[in-house]
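Take a look at the letters that make up each chain.
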Amino acid sequence: MSINIDLGVWNSIFAVPSKVVDEGLKFSDGVKLKVLLFVLRNAGSSFDESEISKATGVNVTDIPEALDYWVSMGVFNRIENTFTPAKNNEEFVPAPQTSAQTEQTPQPVQTVLQPQQTVPQPVQAVREPVKQETEQSPKENAEEPQKHFTATRPQKPDFVFTAQRLAVDEELKMLVDETQTTLGKVLSNSDIATLLMLKDTCGLPLDVIFMLIHYCVSIDKGNIRTIENIGIQWANDGVYSLEAADNKIEQIQKTTANFSVVSKAFGLKNVGSPTKKQLEYGDKWISEWKFSPEMLREAYERCVDTKGTMNLRYIDGILKRWHAGNVHTIDELNKYEKSVNKPSQKQASSYDISEFEKINLLEDFK
C-alpha cells in the first residue's frame, strides 16, 4: 500500500533558531532578516553575495553587515567565510575595550553554511569607537573625570560593536528604550550607534542625552540626525550637566527668538532653519546692540534701496555705524542726520550716509 501525505507548502520547511526571535529580532531590520532567511533556507549550499542580493533585493554592500550581525547575536559562528550554527550553551562575552576601532572589511567571497561541526571557535575581534584623548596631569584627571570633547565629527561605532555593547550595557539598553518611546519608533542599528557615540565617545551623561532628545522633540525635530548634530555641539561646548544643558537650551531659545524678530522686521517668510551666521547677526543686533524692529526695518530698506537686494553684511554695516553713534531709535536717527547735514557745517553738508555706510563695509573685510 502506498501512503502519501501532502502537506502543501509545509513539505519544504527549514528551522529558524529561537534565539533569532528571543534576542535578535528587536534590534534587527528587514535587511538582516532577509539575509538570515535566505541563508537558513539554503543551508549546506554554496553561494555568494550576488546570489543573496538577487534573491532578496538586498544591496550587496549590506550583506556582510547583516551576516556579522547574526554572528554578534550568537546565531552563527564564523571561520573565514564559513558559517556554522552556534552551540546552545555558548554565551557571548565581549572582549575588553580598547582605545581604537579597527576598520570593518567586508569579504565579498563565497559564503557557505555548514551543519554543526566540532571545530575550534574563532576569537571575534571587538571593534570599538575611537575615543578622544587629551593629555592631562593626574591631578587634572582627578578633578575633571569628564574630558572635554573637541573633535568636530566623532566616528560612530560599527554595527558589530554596537550589538555587542547593547547585549551587556544596561545603561545603553535604557537609553535605547527611552529614545524609542520618546520618538515613537524602533531605532535602527545606526541610530543606536549614534546614541552609543554620544554616551561613550562624546561623554554626555544619560540625563543630558534624555534632555537633548526631549528638547529636539519639543521643536518638532525629533530625529536622530538632529539629536546627533546638537549632541556633538553640546559635547564641544562642554555641556555635561543638567544645569549646563538647561542654560544651553535657554540660550538657543533666546537666539531663535532674536532671529524671529529680525525675519519679521525684514518681512521674511518660510526662512526654514537659519544659518549660524544669521543667528549671530540676530543676537548682535537685538541682544547686544538693542535695536528695535523699526530700526531693523529702516536698515533693511536702506540696504535694498542701495543694493537692490537684502545683504546681511551691508545691513550689519549700517547698524554698526548707528550703534557707534548711539543712534537706536527713529527719532534719534532723524536728529542725527539733520545735525550732520546742517548748511553751517560745510563738511557735513556734503555728507552722504549711504556712501559713509559703504565705506564702513570695507572695514568688515579687514
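Per an unreviewed UniProt entry, the recorded name for the protein chain is DnaD domain protein, and the organism is Ruminococcus bromii. Turning to the protein chain, the UniProt record has this under Sequence similarities (unreviewed entry): "Belongs to the DnaB/DnaD family."

(A) View of the overall build of the protein chain. Helix and strand content of the protein chain: 17 helices and 4 strands. Counting all 366 residues of the protein chain, 37% fall into the buried class. Considering only contacts in the protein chain between residues 6 or more positions apart, those separated by 24 or more positions represent 72%. Here the protein chain has roughly 21200 Å² of accessible surface; of this, 52% comes from carbon and sulfur atoms.

(B) Looking closely at the packing of aromatic side chains. This model, assessed by the stated rule, comprises 5 aromatic pairs. Between the aromatic rings of Phe38 and Phe47, the centroid separation amounts to 5.3 Å while the plane-to-plane angle is 80°, which identifies the pairing as edge-to-face. Here Phe38 and Phe47 have matching classes, each one buried. Taking 5.0 Å as the distance between ring centres and 20° as the angle between the ring planes, the aromatic pair formed by Phe266 and Tyr300 counts as stacked. Linking Phe266 in the loop between helix H11 (242-265) and helix H12 (276-288) with Tyr300 in helix H13 (residues 293-307), this pair joins segments that are 34 residues apart in sequence. The two residues Phe266 and Tyr300 agree in class, both being buried. An aromatic cluster of three or more residues is present, and its members are Phe266, Tyr281, Trp285 and Tyr300. The ring of Tyr281 carries Lys277 above its face, with NZ or CZ at 5.3 Å from the centroid.

(C) Molecular detail of the nonpolar core. In terms of nonpolar packing, the biggest core is built from 32 residues, with Leu198, Leu204, Ile227 and Trp234 touching the most fellow members. At the level of elements, helix H6 (159-168), helix H7 (170-183), helix H8 (189-201), helix H9 (206-218), helix H10 (224-236) and H11 are the ones that each hand at least two residues to this core. The element best represented in this core is H9, accounting for 8 residues. Discounting chain neighbours no more than four positions away, the residues touching Trp234 are Val208, Leu212, Val239, Ala245, Lys248, Ile249 and Ile252. If you look at the next biggest cluster of nonpolar residues, it comprises 21 residues, including Phe266, Tyr300, Leu319 and Trp322.

(D) Here's a closer look at the pattern of salt bridges. A complete count under the given rule lists 14 salt bridges for this structure. Taken together, the shared-partner salt bridges in this structure form one network comprising Arg165, Asp169, Glu171, Lys199 and Asp200.

(E) Main features of H10. Look at H10: 18 Å from first C-alpha to last across 13 residues, which is about the 18 Å you get at 1.5 Å a residue. Listing the buried residues of H10 in full gives Ile224, Thr226, Ile227, Glu228, Ile230, Gly231, Ile232, Trp234 and Ala235. For H10, the elements touching its buried residues are H7, H8, H9 and H11. Following H10 by one or two positions, Gly238 adopts a phi angle in the positive range, close to 75°.

(F) Broad picture of a nonpolar patch on the surface. Together, Phe14, Val16 and Leu37 line one region of the surface with nonpolar side chains, adding up to about 230 Å² of accessible area. For Val16, the location among the structural elements is in the segment before helix H1 (18-24). With relative accessibility at 38%, the residue Val16 sits in the partly exposed group.

(G) Molecular detail of the side chain of Lys248. Position of Lys248 among the secondary structure elements: in helix H11. Lys248 sits in the buried class, given a relative accessible area of 16%. Polar contacts involving the side chain of Lys248 include one to the side chain of Asp237, which spans 2.6 Å. Setting aside chain neighbours within four positions, we find Lys248 in contact with Trp234, Asp237 and Val239.

(H) Just the confidence of the model for the protein chain, in detail. Looking at the protein chain, pLDDT values average 77 and 70% of them are 70 or higher. The model gives residues 89-112 a pLDDT under 50, and that stretch makes 62 contacts with residues more than four places away or in other chains. Here residues 345-351 scores under 50 on pLDDT; set against residues more than four positions off or in separate chains, the count is 10 contacts.

(I) Here's a closer look at the pairing of strand E3 (residues 82-85). Sheet topology note: the strand E2 (residues 76-79)/E3 ladder contains 4 bridges and is antiparallel. Pairing of Asn77 across the sheet is with Thr84, part of E3. Counting the residues between successive antiparallel strands, the hairpin from E2 to E3 contains 2 residues, one of them, Glu80, with a positive phi of roughly 55°.

(J) Up close: unusual backbone geometry. Despite not being glycine, Asp220 has its phi angle at roughly 60°, a positive value. Tracing the backbone shows Asp220 in the loop between H9 and H10. The exposure class of Asp220 is exposed, given its relative accessible area of 71%. A positive phi is found at Asn326, a non-glycine position, where the angle reads about 60°. Tracing the chain through its elements places Asn326 in the loop between helix H14 (312-324) and helix H15 (330-340). Its relative accessible area of 57% is what places Asn326 among the exposed residues.

(K) The arrangement of the packing of H7 against H8 in detail. Two numbers describe how H7 lies on H8: the axes approach to 10 Å, and their chain directions differ by 125°. Taken as axis vectors, H7 and H8 run oblique relative to one another. The element H7 and its partner H8 pack so that their crossing is right-handed. Residue-level contacts link Glu171, Leu172, Leu175, Val176 and Thr179 of H7 to Ile192, Leu195, Leu196 and Lys199 of H8. Of the residues contributing to the contact of H7 with H8, the split by class is 6 nonpolar, 1 polar and 2 charged.

Rules used throughout
Residue numbers run consecutively from 1 along every chain, following the written order of its sequence. Since the coordinates come from a predicted model, pLDDT governs what is reported: local features require at least 70, and pairs of side-chain atoms require 80 or more to be given and counted, while whole-chain, interface and lining totals use all residues. Side-chain numbers here rest on the full set of heavy atoms in the structure, without hydrogens or water. UniProt positions are given in the numbering used here, feature names are shortened, and annotations may be inferred rather than shown by experiment. Comment: elements are numbered from the N terminus, with helices defined as DSSP H or I runs of at least four residues and strands as E runs of at least two. Exposure is judged per residue with a 1.4 Å probe applied to protein chains only, and the accessible area is read against the type maximum: over 50% gives exposed, under 20% gives buried, and values in between give partly exposed. The contact definition used throughout considers only heavy atoms, calling two residues in contact when any of these lie within 4.5 Å. Accessible surface is estimated by sampling points in the Shrake-Rupley manner with a 1.4 Å probe; for residues, cover comes only from the protein chains shown. Working definition: rings of Phe, Tyr and Trp (its six-membered ring) pair if their centres are within 6.5 Å, and the pair is stacked with planes under 30 degrees apart, edge-to-face with planes over 60 apart, and tilted otherwise. Definition used: whenever NZ (Lys) or CZ (Arg) falls within 6 Å of the ring centre and also within 35 degrees of the ring normal, the charge is taken to sit over that ring. Side-chain atoms within 4.5 Å link the members of a nonpolar core, which is a set of buried Ala, Val, Leu, Ile, Met, Phe, Trp, Tyr and Cys residues. What makes a salt bridge here is a side-chain nitrogen of Lys or Arg within 4 Å of a carboxyl oxygen of Asp or Glu, nothing more. Expected helix span is given by 1.5 Å per residue-to-residue step, counting one fewer step than there are residues. Residues qualify for a patch when their relative accessible area is over 30% and they have no salt bridge, like charges being joined within 9 Å and the nonpolar side chains of Val, Leu, Ile, Met, Phe, Trp and Tyr within 5 Å. Polar contacts here mean pairs of N or O atoms no more than 3.5 Å apart (in protein, one a potential hydrogen donor and the other a potential acceptor; neighbouring residues in sequence count only if both atoms are side-chain atoms). By definition, pLDDT measures how confident the predictor is in each residue, and it falls between 0 and 100. For two strands to be treated as a pair, DSSP must find no fewer than two bridges joining them. Axis lines are fitted through C-alpha atoms, for helices just across the contact stretch, and the angle between N-to-C directions can take any value from 0 to 180 degrees. To sort the angles, those under 35 degrees are grouped as roughly parallel, those over 145 as roughly antiparallel, those from 65 to 115 as roughly perpendicular, and the leftovers as oblique. The crossing is said to be left-handed when, going from far helix to near helix, the turn is anticlockwise and less than a right angle, and right-handed when the turn is clockwise. Polar here means any residue outside two lists: the nonpolar Ala, Val, Leu, Ile, Met, Phe, Trp, Tyr, Cys and Pro, and the charged Asp, Glu, Lys and Arg; Gly therefore counts as polar.

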